Amino acid sequence: MSSTVSKAVRIERFGGPEEMQLVDVSVGEPGPGEVRIRHKAVGLNFIDVYQRTGLYPLPLPLNLGMEASGVIEAVGEGVTHLKVGDRAAYASQPPGSYCELRVMPARCVCKLPDGISFETGAARMLKGMTVQYLLRRTLPQGGLQAGDFVLFHAAAGGVGLIACQWARALGLQLIGTAGSDEKCALAKAHGAAHVINYAKEDFVARVKEITGGKGVKVVYDSVGADTFMKSLDCLRPFGLIANFGNASGKVPPFDINVLAGKGSLYASRPTLFTHLSTREATQEIADDLFAMVSSGKVKIQIDQSFPLARGADAHRELQARKTTGCTILTL
Ligand SMILES: NC(=O)c1ccc[n+]([C@@H]2O[C@H](COP(=O)([O-])OP(=O)(O)OC[C@H]3O[C@@H](n4cnc5c(N)ncnc54)[C@H](OP(=O)(O)O)[C@@H]3O)[C@@H](O)[C@H]2O)c1
């Protein structure tokens, strides 16, 4: 079997960005159901921080990264939807996208439409498909209709700016929170109907004010520990909280009776990877995203870019809340 060498970012133990080492790894031929992809750009996501710190513990040593775009270099037996030379992009388990070249399961790798650049492809697969399953599939009782209010935390981040635009395209009134006035302005410019600087404003009171005291039908909360309980107070009766991240830490255990007291609420803890369990499901979600991007309704804002070798600096910026929109690693 022929093999070639690729640079990859690896951790030997959980910890800070200083644990991220650029190493040489050997890459072989794809087996059945696999492809070998040569990356052109790599997407950075907050889940990479959780995996690096061990908040989401995985076996070590661990090659980091869940999202990238590139060109298919070799195709294993049984793979029919991709061929050598195809432009492609993915958000996928197992981790290991912070590299030049890798062999991986083909199931979650999608063809990248010609009109979409490698950079945009790398930046938006994981974040954009997340917004798709949140706004289209993680819904309160009776669904969401045009004009409905939704609360979306961290609205100026990678996932957040895509959500602002997608919600506007659906006619939803997205109330976006963010940690500075500049970030709030960015969320507004991307389609948030209302913005709240939750670093200095009481977001529960502001949501009540904006919704005429009624509350929102759904809160999409990726901040976690700092916001979860207050988010419940923003919901109308029978409302849904979808906690889909832990940027400020995991939601502490809570008494489920709280949901009754606050109005027969629903609580969900979704993850993209349940939605990507089959190739068909992955393609369906990706196609919806590609259509939104190709139509111009959702533009992917890449605000930061770092060479692969400076992946640790990218992590520092993301964790310090210094980034907006998407961040990519370049090769
Ligand atoms: N479950 C899923 O399927 C899924 C999939 C993709 C992403 N996610 C989650 O969605 C969230 C957004 O992901 P992303 O990659 O686009 O990241 P991001 O939103 O660009 O960055 C995270 C943002 O969270 C906010 N934040 C609040 N408290 C924080 C704290 N203590 N430390 C750091 N940041 C804090 C910051 O914005 P402000 O300064 O404006 O507060 C920060 O910019 C993450 O929590 C991620 O895990 C979940």
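Model, not experiment: these values are computed from the prediction.

J.: With reference to specific residues and values, describe the overall build of the protein.
T.: Along the backbone of the protein there are 10 helices and 16 strands. Here the protein has a C-alpha radius of gyration of 20 Å; the compact-globule value for 331 residues is 20 Å, and the two agree. Dimensions of the protein, computed from C-alpha atoms along their principal axes, come out at roughly 65 × 40 × 35 Å. Counting over 331 residues, the protein shows a buried share of 54%. Here the contacts in the protein between residues at least 6 apart in sequence split such that 69% fall between residues at least 24 apart. Accessible area for the protein stands at about 13400 Å²; split by element, carbon and sulfur atoms hold 52% of it. Distance from the positive charge centre (36 side chains) to the negative charge centre (31 side chains) of the protein: 3 Å.

J.: So what's going on with the site of the ligand? Residues and values would help.
T.: With respect to spatial proximity, 28 residues lie near the ligand, and among them Y133, K183, Y198, F244 and L272 are the closest. Between Y50 and the ligand, the recorded distance is 2.8 Å, taken from a side-chain N or O atom to an oxygen atom. Backbone polar atom of G158 to an oxygen atom of the ligand: 2.9 Å apart, as the coordinates give it. Surface burial for the ligand is 92%, taken as the share of its 900 Å² of free accessible area covered by protein chains. Among the elements that take part in the shell around the ligand, helix α2 (residues 118-137) stands out by supplying 3 residues, more than any other. In the shell around the ligand, the residues fall into 14 nonpolar, 11 polar and 3 charged.

J.: Explain the nonpolar core to me, and be specific about the residues and the numbers.
T.: Counting residues in each nonpolar core, the largest one holds 55 residues, and the members touching the most others are M125, M129, W166, L174, Y220 and L272. It is α2 that contributes the most residues to this core, 9 residues altogether. When sequence neighbours within four positions are dropped, the list of residues in contact with M129 reads A91, R124, L272, L276, T282, I285, A286 and L289. By size, the runner-up hydrophobic cluster in this structure holds 26 residues, among which are V49, I72, M104 and A106.

J.: Hey, could you go over the pairing of strand β5 (residues 67-75) for me, with residue numbers and the actual values?
T.: Summarising the sheet, strand β3 (residues 34-43) and β5 pair through 8 bridges and their orientation is antiparallel. Paired with G43 across the two strands is E67, which belongs to β5.

J.: I'd like a rundown of the environment of A291, residues and numbers included.
T.: Positionally, A291 belongs in helix α9 (residues 279-294). Among the residues examined, A291 registers a relative accessible area of 44% and is labelled partly exposed. Taking the C-alpha atoms as reference, A291 lies 9.8 Å from P113; in sequence the two are 178 residues apart.

J.: Tell me about the sheet that holds strand β13 (residues 235-243), residues and numbers included.
T.: Read across the open sheet, the 6 strands follow the order β11-β10-β9-β12-β13-β14; overall the sheet is parallel. The two strands at the open ends of the sheet, each matched to only one other strand, are β11 (194-197) and β14 (266-268). Shown here is a sheet whose adjacent strand axes are inclined to one another by a mean of 15°, direction ignored. Of the pairings in the sheet, the one linking strand β12 (residues 216-221) to β13 comprises 5 bridges and is parallel in character. Each bridged residue has a counterpart across the sheet, and for V219 the counterpart in β13 is I241.

J.: Please provide a residue-by-residue account of the packing of aromatic side chains, values included.
T.: For the structure shown, the criterion picks out 5 aromatic pairs. Between F228 and F254, the ring centres sit 5.1 Å apart and the planes meet at 50°, which makes this aromatic pair tilted. Of this pair, F228 sits in helix α6 (residues 228-232) while F254 sits in the loop between β13 and α7 (257-261); the two residues are 26 residues apart in sequence, bridging distant segments of the chain. With relative accessibility at 4%, the residue F228 sits in the buried group.

J.: Could you give an account of the environment of E34, with specific residues and numbers?
T.: Secondary-structure assignment places E34 in strand β3. Owing to a relative accessible area of 26%, E34 belongs among the partly exposed residues under this scheme. Taking the C-alpha atoms as reference points, E34 and P105, 71 residues apart in sequence, are found 4.3 Å from one another. Once residues within four sequence positions are removed from consideration, E34 is found in contact with V75, G76, V79, V103, M104, P105 and A106.

J.: I'd love a proper account of the sheet that holds strand β4 (residues 62-63), names of residues and values included.
T.: If you trace the 3 strands from one edge of the open sheet to the other, you get β2-β1-β4, paired in antiparallel fashion. Edge positions in the sheet fall to β2 (21-27) and β4, since each has one partner strand and no second.

J.: How would you sum up the packing of helix α1 (residues 46-53) against helix α10 (residues 311-319)? Please name residues and give values.
T.: Here α1 crosses α10 at 105°, and the two axes come no closer than 10 Å. In terms of axis orientation, α1 runs roughly perpendicular to α10. Facing α1, whose interface residues are F46, D48, V49 and R52, α10 presents H315, L318 and Q319. Here the residues of the contact of α1 with α10 are counted per class, giving 3 nonpolar, 2 polar and 2 charged.

Thresholds applied
- Residues numbered from 1 in each chain as written.
- Predicted model: local features only at pLDDT ≥ 70, side-chain atom pairs only at ≥ 80, totals over all residues.
- Heavy atoms only, no water.
- Helix = DSSP H or I, 4+ residues; strand = E, 2+ residues; numbered from the N terminus.
- Rg over C-alpha atoms; globule rule 2.2 N^0.38 Å.
- Buried < 20%, exposed > 50% of the residue type's maximum accessible area, 1.4 Å probe, protein only.
- Contact = heavy atoms within 4.5 Å.
- Areas by Shrake-Rupley, 256 points an atom, 1.4 Å probe, with all protein chains shown as cover.
- Lys, Arg positive; Asp, Glu negative; His and termini not counted.
- Charge placed at Lys NZ, Arg CZ, Asp CG, Glu CD.
- Near = heavy atom within 4 Å.
- Polar contact = N/O pair within 3.5 Å; in protein donor to acceptor, adjacent residues only side chain to side chain.
- Nonpolar A, V, L, I, M, F, W, Y, C, P; charged D, E, K, R; others polar.
- Core = buried A, V, L, I, M, F, W, Y, C linked by side-chain atoms within 4.5 Å.
- Pairing = 2+ DSSP bridges.
- Axes fitted to C-alpha atoms, helices over the stretch in contact; angles between N-to-C directions.
- Phe/Tyr/Trp six-rings, centres within 6.5 Å; stacked < 30°, edge-to-face > 60°.
- Parallel < 35°, antiparallel > 145°, perpendicular 65-115°, else oblique.

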